[in-house]
Amino acid sequence: LHENILLHCDGLDTLAAIRVNGTEIARTDNMFRTWEFDVKKLVHAGSNSIEIRFDPVLPLVRAREEERPLPTWVYPGAAYVRKIPSNFGWDWGPTLITCGIWRSISLLAFDTARWDDVLVLQDHSQPGRVGLKVQVAAGPAAPAGLTARVSVRTPDGHDGPVAECPLADGRGTAELTIKNPQLWWPAGMGAQPLYTLRVELVDSNGGELDTTTKRIGLRTLEAVQQTDRTTMHFVVNGVPFFAKGGNWIPADTFPNRLTKEILRRFVADAVAANMNMLRFWGGGYYEDDALFDLCDEMGICVWLDFKFACTTYPSFDAAFLDSVRHEARDNIRRLRHHPSIAVWCGNNEIMYFRGGEEWTAKKMSEGDYYKLFRDVLGSEVHSLAPQSDYVTGSPDCGDVHFWEVWHGNKPFEAYRTIHGFVSEFGFQAFPAPETVRSFTAPEDRESVYSRVMMYHERSNRTHVDVEEDGKTGTDKLMNLVKLYFREPKDFENTLWLSQITQAYGIEFGAEGWRREMPKSMGCVYWQYNDTWPGTSWSSVDYFGRWKALQYRARHFYAPVLVSGVADAATGQVALWITSDRLDASRGRLRWRVTDPAGKEHRAGSRAVEVPALKSLQPHTLELNDLVQQHGAANLLVWVALEIDGNTVSDNLIAFAKPKELDLLDPRLQTTVTGDGREFTVTVSADHPALWTWLHLAGADARYSDNFVHITSGAPARIVVTPEQPMSKDAFIRALRVRSLFDTY
Ligand code: BMA
């Protein structure tokens, strides 16, 4: 047998008693920790038994809560156990308390030593080169003569520099220089080249004891907190950039069901919507390495919350703090080399519970807040990931969570009253009809107020009772649908129209914040994905189906955006160009003013500068005469920005709410080309068709675009890739094309 034999557990959920060959070796109480136990004395050659018994957490939660209640918005007492907070129910997910071995488990056997710790530091201070310092520690024994050998493989697969470093007491630092470094950039700003470091532990005879690899990206990435002079923002390789993204929640109630392929699709879909950031919100779990790898590969920056959300925690208890300290160490060590991690953040929304000197019925003491989120988590990040930024919480670093529109029942116009780095704001929509069918019987689909439909909408039905306005989430949703749109004609159109409403509202907020860059420097909407099939703030549902919002996000997060603000009182339409590109260009801004029937009142264009990383207002349309003559509700302003002859962004601006527009039947027509795997659908209309979308009844498909505004003479071409290949005939039979007009 080897000198060292360890039982290694990457995740035990949560109260586990572990026995090896009948002897209890440990009890665990934190699902986020990596556990290792020395089992050398207990195992023997041949067959052995490892037995892990899990106890339910609720008795413990209840007992601790009774002893000392914790102020909370969520499940009372759940904060006493280190376990996925949203397991206990959230306002977008069911209460399903998981249990078991949730990550891999192994026996590790080795002689002499192995790597205990490998930290990679980067030095970007010299132009044209990046210095790497690889700080290593080997254990448990560190005999003389150990060496660390570090070799680099470049992004194109070539051998890079190699360094060796003799270890003293198992420790040392190997230094290398990468010349002509290929820098890592967020999506939309450049490429994501990745370098692989192979770190070998070699004994005095040249024998290899252990090897670990770290795939890194060469970049600096800073989170700059709000000051009197600047808004909260991120800076990559010295370049401040506008963060565009969504909030990530557990993509399944049962994390084990997620595969790398499922995760890949979510990350690819974020990139497809022109996002550059996902915030891994604090009420879930520390995600798998696979998800971080995908974000590294595709350029999605990760705002990484530690898993603390919406409640107070017992940081008055030394054992609790100690458990959290270990959890932090395990996860920081596991994840810190990922270039995608943009900031480590202590918690979600616990600052709202931060009180004064003493705990009260509603607040935790200020001292206990900082003990956990500054002294423990902050210190661990500073010492184990010294080149990463840490903030105590969100919104506790100058970012903004704005919930007046959903929880406060305010209209979308309220988004214009806030500025800065908006890390949470959102509005719900029902998922697609196929997703609704997955959890309903026909009678449940008679109304969105049916019992089952209401059950799959959790806002105001769980413990996250921030407001007590007596309104269900379905009421909140339908109220705003009706504020902006007309009454949908049936169940299915209610689903679609809710999606159009959600897209309309989030687009309104996002465009405003992008326009005012650098006054605002981030728009991360709530929420990107789902944990089960239901009605929620997500833009991509549990099955990966895109809501209208996800398609519109592609437009409002586009690298160059044309948008406008119409003022019915003055008849002016201020046109804006917002660019996240690193280089400047020139373009042509075009506009057309029509009535709702599509009759053109006016058209024009002008040459414009499109500067790098800037937002400006190059032109104002003076339409007061048209407003006087035709009425504000009878004008539609179609704008497009062309660069090098290509339309890089287009938009539709109206003076009035969509429900005030008297649209005509657009008489949509489609022509289809292609066969089998991919089809191109050209959609044309006789009259303006707003939020025009294609849908394949009964079949999933990818659509290159959807929910687009079209008008006569300006058709849309949409590439449709069905999940399963189908004949052209079957495709045409399944194809539906609709627009806002059809929902009423
Ligand atoms: C914020 C989030 C979540 C919640 C969401 C919607 O508070 O941090 O806790 O799901 O709003 O209410």
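Calculation criteria
- Residues numbered from 1 in each chain as written.
- Predicted model: local features only at pLDDT ≥ 70, side-chain atom pairs only at ≥ 80, totals over all residues.
- Heavy atoms only, no water.
- Pairing = 2+ DSSP bridges.
- Helix = DSSP H or I, 4+ residues; strand = E, 2+ residues; numbered from the N terminus.
- Axes fitted to C-alpha atoms, helices over the stretch in contact; angles between N-to-C directions.
- Contact = heavy atoms within 4.5 Å.
- Left-handed = near helix turned anticlockwise from the far one by under 90°.
- Nonpolar A, V, L, I, M, F, W, Y, C, P; charged D, E, K, R; others polar.
- Near = heavy atom within 4 Å.
- Polar contact = N/O pair within 3.5 Å; in protein donor to acceptor, adjacent residues only side chain to side chain.
- Areas by Shrake-Rupley, 256 points an atom, 1.4 Å probe, with all protein chains shown as cover.

Concerning the sheet that holds strand S35 (residues 646-654)
Within a beta sheet, neighbouring strands are joined by backbone hydrogen bonds and run either parallel or antiparallel to one another. Strand order across the open sheet formed by four strands is S32-S31-S34-S35, with antiparallel pairing between neighbours. In this open sheet, the two strands that pair with only one neighbour each are strand S32 (600-610) and S35. Put simply, the sheet's adjacent strands are angled 15° from each other on average, direction ignored. Pairing of strand S31 (residues 585-594) with S32, which is carried by 10 bridges, proceeds in the antiparallel orientation. Across the sheet, residue Arg588 finds its bridge partner in S32, namely Ala607.

Observations concerning the pairing of strand S17 (residues 208-216)
Note that strand S16 (residues 195-202) and S17 share eight bridges and pair antiparallel. The residue of S17 that forms the bridge with Arg198 is Thr213. In sequence, S16 turns back onto S17 through a hairpin of five residues, with Gly206 there showing a positive phi of about 85°.

Concerning the sheet that holds strand S38 (residues 689-696)
In spatial order, the strands read S40-S38-S42; together these three strands make up an open sheet with antiparallel pairing. What marks the edges here is a single partner per strand, and that holds for strand S40 (708-710) and strand S42 (735-738). The mean inter-strand angle of the sheet, taken between neighbouring strand axes irrespective of direction, is 35°. Seen against the sheet, helix H9 (residues 491-515) touches S38 and S42 and runs at an angle of roughly 125° to S38.

Quick notes on the packing of helix H2 (residues 260-272) against helix H3 (residues 289-298)
In contact at an axis separation of 9 Å, H2 and H3 are set at 35° when each is read in the N-to-C sense. The interaxial crossing formed by H2 with H3 has right-handed handedness. Within the contact between the two elements, H2 uses Lys260, Leu263, Arg264, Val267, Ala268 and Val271 and H3 uses Ala290, Leu291, Asp293, Leu294, Cys295, Glu297 and Met298. Of the residues assigned to the contact of H2 with H3, the class counts are nine nonpolar, no polar and four charged.

So, the site of the ligand
Neighbouring the ligand are the residues Trp90, Asp91, Trp92, Trp281, Cys310, Asn348, Glu349, Trp403, His407, Glu424, Trp526 and Trp537. Within the side chain of Trp92, an N or O atom sits 2.9 Å from an oxygen atom of the ligand. Contact between the ligand and Trp403: an oxygen atom at 3.5 Å from a side-chain N or O atom of the residue. For the ligand, the protein covers 98% of the area, taking 300 Å² as the surface of the free molecule. A class-by-class count of the residues in the shell around the ligand yields seven nonpolar, two polar and three charged.

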